[in-house]
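# What the coordinates show
Chain residues, written in single-letter form:
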Amino acid sequence: MCRSVSKFLVCGFCVLVATFPGRAARDVTAKARQSSYEIVVLEVAQCIYCKLFRRDVVPTYNASSRSKTIPMRFVDLDHGSLSAFQLTAPIETVPTVVLLHKRQEVGRLAGHVGPETFVHAINRMLSAAP
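Structure report, in brief. Everything quoted here is computed from the prediction, not taken from an experiment. Counting from 1, residues in each chain are numbered in the order their sequence is written. Local features are withheld for residues below a pLDDT of 70 in this predicted model, meaning they are given only at 70 or higher, and side-chain atom pairs are given and counted only at 80 or more; totals for whole chains, interfaces and linings count all residues. Working from all heavy atoms in the structure, the side-chain values ignore hydrogens and water.

Another point: the overall build of the protein. Across its full length, the protein holds four helices and six strands. A helix here means a DSSP run of H or I that spans at least four residues, while a strand means a run of E at least two residues long, and both kinds are numbered starting from the N terminus. The secondary structure elements of the protein, listed N-terminal to C-terminal, are β-α-β-α-α-β-β-β-β-α. We call two residues in contact whenever any of their non-hydrogen atoms come within 4.5 Å of each other. At a minimum sequence separation of 6, the contacts of the protein that also span at least 24 residues come to 70%. With an accessible surface of roughly 7300 Å², the protein has 55% of that area assigned to carbon and sulfur atoms. Under the convention used here, a 1.4 Å probe and the Shrake-Rupley method define accessible areas, while residue burial counts only the protein chains that appear.

This is the structure in structure tokens:
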């Protein structure tokens, strides 16, 4: 098990509800072009799932066109402060991917997922974002 930041922080997998392609791709693309969006990955140094996320998901995301419009950055919970972000709930699992719009959380994905699930989750979050 990964080193905990607090007694509530747990490494683990996330069960992701299947997303439905009900939104038009152009809606998601238009929102992605807005520079006020950001993806923040919250992690801890010794978490194996955080390392797997970096190995499996980050290269795929960095190769996508979306990475040029929505930056991804990493915050180590042992050394970073969450006070700069307006989160809707505490962080209980690492890695947790948070989609921010003007530093306010509009969606999150908790736990390690593969690249395809990650892309679908980001698309779903963007389609529901303001």
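It is worth spelling out the pattern of salt bridges at this point. Salt bridge, as used here, is a side-chain nitrogen of Lys or Arg placed within 4 Å of a carboxyl oxygen of Asp or Glu. Evaluation of the coordinates by the stated rule reveals four salt bridges. When the shortest N-O distance is used, the salt bridge between arginine 73 and glutamate 38 registers 2.4 Å. Here arginine 73 is found in strand 3 (residues 72-76), whereas its partner glutamate 38 is found in strand 2 (residues 37-43), with 35 residues between them in sequence. To sort residues, take the accessible area from a 1.4 Å probe on protein chains only and compare it with the maximum for the residue type: under 20% means buried, over 50% means exposed, and anything in between is partly exposed. By relative accessible area, which is 30% here, arginine 73 ends up partly exposed.

Burial of nonpolar side chains together is a common tendency in soluble globular proteins. Here, nonpolar core refers to any group of buried Ala, Val, Leu, Ile, Met, Phe, Trp, Tyr and Cys residues whose side-chain atoms link them within 4.5 Å. Core analysis: the biggest nonpolar cluster contains 19 residues, and Ile39, Phe53, Met72, Val97, Leu109, Phe118 and Ile122 have the highest contact counts within it. The set of elements that each furnish at least two residues to this core consists of strand 2, helix 3 (58-63), strand 5 (96-101) and helix 4 (115-128). Looking at this core element by element, the count peaks at five residues for helix 4. Excluding residues within four positions of it along the chain, phenylalanine 118 makes contact with Ile39, Phe53, Val57, Tyr61, Met72, Val97, Leu109 and Val113. Membership of the second largest hydrophobic core comes to twelve residues, among which are Cys47, Val75, Ile91 and Val98.

Once that is clear, we can look at the sheet that holds strand 3. The pairing criterion for strands is at least two bridges between them, as found by DSSP. One open sheet accounts for four strands, arranged 3-2-5-6; its pairing is mixed. The sheet is open, and its two borders are formed by strand 3 and strand 6 (104-110), each paired with just one other strand. Direction aside, neighbouring strands of the sheet carry axes that sit 25° apart on average. Taken together, the six bridges between strand 5 and strand 6 define a ladder with antiparallel strand orientation. Its bridge partner being in strand 6, valine 97 is matched across the sheet by leucine 109. Orientation is described by lines fitted to C-alpha atoms, with helices fitted over the stretch in contact, and by angles between N-to-C directions that extend from 0 to 180 degrees. Contacting strand 2, strand 3 and strand 5, helix 2 (residues 48-56) runs over the sheet at an angle of about 140° to strand 2.

Ring geometry is summarised as follows: Phe, Tyr and Trp rings, the Trp one being its six-membered ring, pair when their centres sit within 6.5 Å, and such pairs are stacked at plane angles under 30 degrees, edge-to-face over 60 and tilted between the two. Tallied over the entire structure, the rule returns two aromatic pairs. Between phenylalanine 53 and phenylalanine 118, the ring centres sit 5.7 Å apart and the planes meet at 75°, which makes this aromatic pair edge-to-face. With a gap of 65 residues between them, phenylalanine 53 in helix 2 and phenylalanine 118 in helix 4 connect regions that are remote in the sequence. Of the two residues, phenylalanine 53 and phenylalanine 118, neither departs from the other in class, the shared state being buried. A ring pair is formed by tyrosine 61 and phenylalanine 118, whose centres lie 5.8 Å apart and whose planes are at 90°; its orientation type is edge-to-face. Placement of tyrosine 61 in helix 3 and of phenylalanine 118 in helix 4 is noted, with a sequence separation of 57 residues between them. A single burial state applies to tyrosine 61 and to phenylalanine 118, both of which are buried. By the ring-pair criterion, three or more aromatic residues cluster together here, those being Phe53, Tyr61 and Phe118. We call a charge positioned above a ring when the Lys NZ or Arg CZ atom is no farther than 6 Å from the ring centre and deviates by at most 35 degrees from the ring normal. Just above the ring of phenylalanine 74 sits the side chain of arginine 54; from NZ or CZ to the centre is 3.8 Å.

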